[in-house]
Amino acid sequence: MGVRGLHGFVASSCPHVCTVVNFKELAERHRSQHPGGTPTIVVDAMCCLRYWYTPESWVCGGQWREYYSSLREFVRTFTAVGIKLIFFFDGMVEQSKRGEWVKRRLKNNREIAKIFHYIKSRREQPGRNMFFTPSGLAIFTRFALKALGQETLCSLQEADYEVASYGFQNNCLGILGEDTDYLIYDTCPYFSISELSLDSLDTVMLCREKLCQSLGLHLADLPLLACLLGNDVIPEGMFESFRYKCLTSYASVRESCDRKGNVILAVADHISKVLRLHQGEKKLEEMLPLGPNKALFYKGVASYLLPGQKSPWFIQKPEDVVTLDKQVLSMSSDPESKQEFPMCMDSESKQKLPVGTDPEFNLEAPMCTNTEVKQEDPVNVGPEAKHQVTVVLDPEILKVARAQHVQAESYLVYSVMSSGEVECSNSLEDATDQALPSQAFVYRPVRQRVYSLLLGGGGGGSSTGPAVKEWFVYSGNPLRQPDLVRPLQMNIPGGTPSLRQLWLSQEPGIQAQRLDTLLACFDLSSSREELQAVERPFQALCCLLVYLFVQVDTLCLEDLHAFIAQALCLQGKPTMELADLQLDHIDPRAVQLATLLVRGLTTLVLVNGACGSPWEMADFMPWHLFDGKLFHQKYLQSEKGYTAEVLVEQNRSHVTRFHTLKSVVCKACGKESRPIVSRRHWRPHHAGSRQYEPDQWRRY
């Protein structure tokens, strides 16, 4: 993340850039300087997930009760010293950063393969040096923080830009994260999450002014340096030969620095002693070997300009602003100087670009598939509009979806509606286990019905809408391009209600319609009566289990027993007891089953939001329904043939509920001609040998 090599350079060659500070003291100083103001820290939550996840166990699907307690303690510590926290999460992957996103996902695949190899050979969890965040951690962290009363926001573009902008515009105490891009933005102070001691509230502040002094640069030079070194927008190899030339002509090579450190010093020296001689007189392409990468380079530099900021490296003259394909681009991020460009969906609807871009290039001009938006009611969408595909006919609905996205109250809904493109990162799945399909395929039919609901153009019609681009990670997917996934028509008695009805209506009976729509997304309308009779929070769990067992016929009765028993035993169990739970060994199949269930819970978040929230989100938050180690324990016990009484720890009320929930799931699966049988009664071809090829799951 961030600028290539900069973190190591600062740590080894410029240690004075890092200063130990105390948040309590900083907050007191801030209050004295700004009477009546509340010291506020903007938190880049995606950078902090690894820091927040403190439970020892991580491979079994997540210790969600422990994790929730860890978050609560984090919030409580800052609240106790009067510091307000505002959390930002990534909400979109920008097109210019898709390549870097793919690169990281493929790297993660290799790491996951090593984890499963370790588990199979050692029958235990690898050490923390191989740590991989549990599936769904980012999604559920949003809802955990909201449940803890924290202001939680989801970005409409790359989160680091919105974090830096918020800190800059709101006079914040600082930014808490772990991304060297925050050394490049000219914004409020940047603090390291990895160096934070929660007990003392000490951490390290990385000072961009001291970095500039060390490099002989001005603050406004840092975006140029970042792009020449390589970052998430500019591939590292793009200017490799240029950096080599800088290094060979650099006269002050430090023996104390490694090669990467001297490269940074050499590039900074070239900027200050060569390029600056022509600053404001020559364009960047006249001074640098930009070649065909000119547009991308300008975009990379401009991506660091916050609202109101300009770059001295851009020559700005009136004639430099030109129009291309109905798009006018400005090279500054000054709100007063921003030019407007008409959206193709409506000649009267206009949007403003958030960052400066090179005027000579049409950078990702917006596509358009909707020509029916009324001119008198334009869609007020924001900075992400430059690569949107607007397919929704109702502007008010899109506004609602956008607001829910920004407030971190939904998952993927706005991405589907605004750009028709979604992604899902890596899951702990064993690429060599052909008996269990990837979660990407298991839940794809559900997503397809959601796409039909969101993009079908209203209720009652036969149209299912355009294909959605899915960037989902699964074994064998090289991620060279997205999967084009067609919506799947839903079968709802009385027809599919419109989004306006589902999201905005207050009419009597609408809640029942919302539930009907949710069950139709899982193709479980025939089991409505049985599922509705189940008590909270097990309703959602039973829905998920029925769907899972119908879709995956290599699941057996022992698996069902383990899923139900762990959910029942979790209720009322103290967090410390869960933390102290010890396992005989780790089973790779149980690891993947846990992933399937947790990814099912994230799918429920998507479906529930799309259907107008017939169920309360709390009903399928994992800290209420799932614990990784507890499930693993029940799985190992169930495999040994333990009775229901033993599985639920001799709790009489749990025994009754166990048989009730089991009956509901088995009866619902029976309606779908899917009997759930014991592994001991399987025919030989069921013994974990069935293979799932990606193509057979693409039949939808």
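Residues numbered from 1 in each chain as written. Predicted model: local features only at pLDDT ≥ 70, side-chain atom pairs only at ≥ 80, totals over all residues. Heavy atoms only, no water.

As annotated in an unreviewed UniProt entry, the protein chain carries the name Constitutive coactivator of peroxisome proliferator-activated receptor gamma and is attributed to Bos mutus grunniens. UniProt lists a comment for the protein chain under the heading Sequence similarities (unreviewed entry), and it reads "Belongs to the constitutive coactivator of PPAR-gamma family." The annotation that UniProt attaches to the protein chain under Subunit (unreviewed entry) is "Interacts with ESR1 and RXRA. Interacts with PPARG; in a ligand-independent manner." (UniProt positions renumbered as here; feature names shortened; annotations may be inferred.)

Before going further, it helps to spend a moment on the sheet that holds strand β15 (residues 468-472). Each strand in a sheet pairs with its neighbour through backbone hydrogen bonds, running either in the same direction (parallel) or in the opposite one (antiparallel). With respect to topology, 3 strands assemble into an open sheet ordered β14-β15-β16, the strand pairing being mixed. Strands with a single pairing partner mark the edges of an open sheet, and in this sheet they are β14 (421-424) and β16 (483-485). Strand after strand, the sheet turns through a mean of 30° between neighbouring axes, direction not considered. Pairing analysis gives 4 bridges linking β14 to β15, with the strands arranged parallel. Paired with Val-422 across the strands is Glu-470, a residue of β15. In the packing of helix α18 (residues 444-455) onto the sheet, contacts are made with β14, β15 and β16, and the angle to β15 comes to roughly 145°. (Pairing = 2+ DSSP bridges. Helix = DSSP H or I, 4+ residues; strand = E, 2+ residues; numbered from the N terminus. Axes fitted to C-alpha atoms, helices over the stretch in contact; angles between N-to-C directions. Contact = heavy atoms within 4.5 Å.)

Attention shifts here to the packing of aromatic side chains. For the structure on display, the rule yields 25 aromatic pairs. A ring pair is formed by Phe-23 and Phe-191, whose centres lie 4.9 Å apart and whose planes are at 75°; its orientation type is edge-to-face. In this pair, Phe-23 sits in helix α2 (residues 23-33) while Phe-191 sits in strand β6 (residues 190-192), placing the two residues 168 residues apart along the sequence. Across this residue pair, the class does not change: Phe-23 and Phe-191 are buried. Aromatic side chains Trp-52 and Phe-74 sit 5.4 Å apart centroid to centroid with 70° between the ring planes, which places their arrangement in the edge-to-face category. Placement of the pair is Trp-52 in helix α3 (residues 45-52) and Phe-74 in helix α4 (residues 64-80), with a sequence separation of 22 residues. A residue is classified by how much of its surface remains accessible, and Phe-74, at 1% relative accessible area, is buried. An aromatic cluster of three or more residues is present, and its members are Phe-23, Tyr-51, Trp-52, Phe-74, Phe-78, Phe-87 and Phe-191. It is Arg-128 that lies over the ring of Phe-131; its NZ or CZ is 4.0 Å from the centre. (Phe/Tyr/Trp six-rings, centres within 6.5 Å; stacked < 30°, edge-to-face > 60°. Buried < 20%, exposed > 50% of the residue type's maximum accessible area, 1.4 Å probe, protein only. Lys NZ or Arg CZ within 6 Å of the ring centre and 35° of its normal.)

Let us look at the nonpolar core. Core analysis: the biggest nonpolar cluster contains 153 residues, and Phe-23, Trp-52, Phe-78, Leu-176, Leu-454, Phe-522 and Phe-620 have the highest contact counts within it. If sequence neighbours within four positions are ignored, Leu-176 has contacts with Phe-23, Ile-41, Val-42, Val-43, Asp-44, Cys-48, Phe-74, Phe-78, Phe-191, Ser-192, Ile-193 and Leu-196. (Core = buried A, V, L, I, M, F, W, Y, C linked by side-chain atoms within 4.5 Å.)

Looking now at the environment of Glu-111. Take Glu-111: it is sitting in helix α5 (residues 98-122). Residues Glu-111 and Leu-428, 317 residues apart in the sequence, show an inter-C-alpha distance of 9.9 Å.

Per-residue confidence for the protein chain gives a mean pLDDT of 86, with 85% of residues at or over 70. Residue range residues 317-390 is modelled with pLDDT below 50. Its contacts to residues more than four positions away, or to other chains, number 177 contacts. (pLDDT = per-residue confidence, 0-100.)

Here we come to the pattern of salt bridges. The final tally for this structure, using the stated rule, is 34 salt bridges. Put simply, Asp-232 and Arg-4 hold a salt bridge, and the shortest N to O gap is 3.6 Å. Of the two residues, Asp-232 sits in the loop between α10 (222-229) and α11 (240-248) while Arg-4 sits in the segment before α1 (6-13), which places them 228 residues apart along the sequence. The salt bridge partner of Arg-680 is Glu-558, with a shortest N-O separation of 3.6 Å. Taken together, the residues Arg-680 in the loop between α29 (652-671) and α30 (694-697) and Glu-558 in helix α23 (residues 557-570) connect sequence positions 122 residues apart. Glu-558 sits in the buried class, given a relative accessible area of 7%. One network of salt bridges, with partners in common, ties together Arg-4, Glu-100, Arg-104 and Asp-232. (Salt bridge = Lys/Arg side-chain N within 4 Å of Asp/Glu carboxyl O.)

Reading across the sheet, the 7 strands line up as β1-β7-β6-β5-β2-β3-β4 and stay open at both edges, with mixed pairing between neighbours. Among the strands making up the open sheet, the edge pair consists of β1 (18-22) and β4 (151-154). For this sheet, the mean inter-axis angle between neighbouring strands, taken without regard to orientation, is 30°. Here strand β2 (residues 40-44) runs beside strand β3 (residues 84-89); their pairing, made up of 5 bridges, is parallel. When the sheet's bridge partners are listed, Val-42 is paired in β3 with Ile-86.

Time to look at the pairing of β3. Counting buried residues in β3 gives 5 out of 6 residues, a clear majority hidden from the surface. Pairing geometry for β3 and β4, over 4 bridges, is parallel. Across the sheet, the residue bridging to Phe-87 is Thr-152, located in β4.

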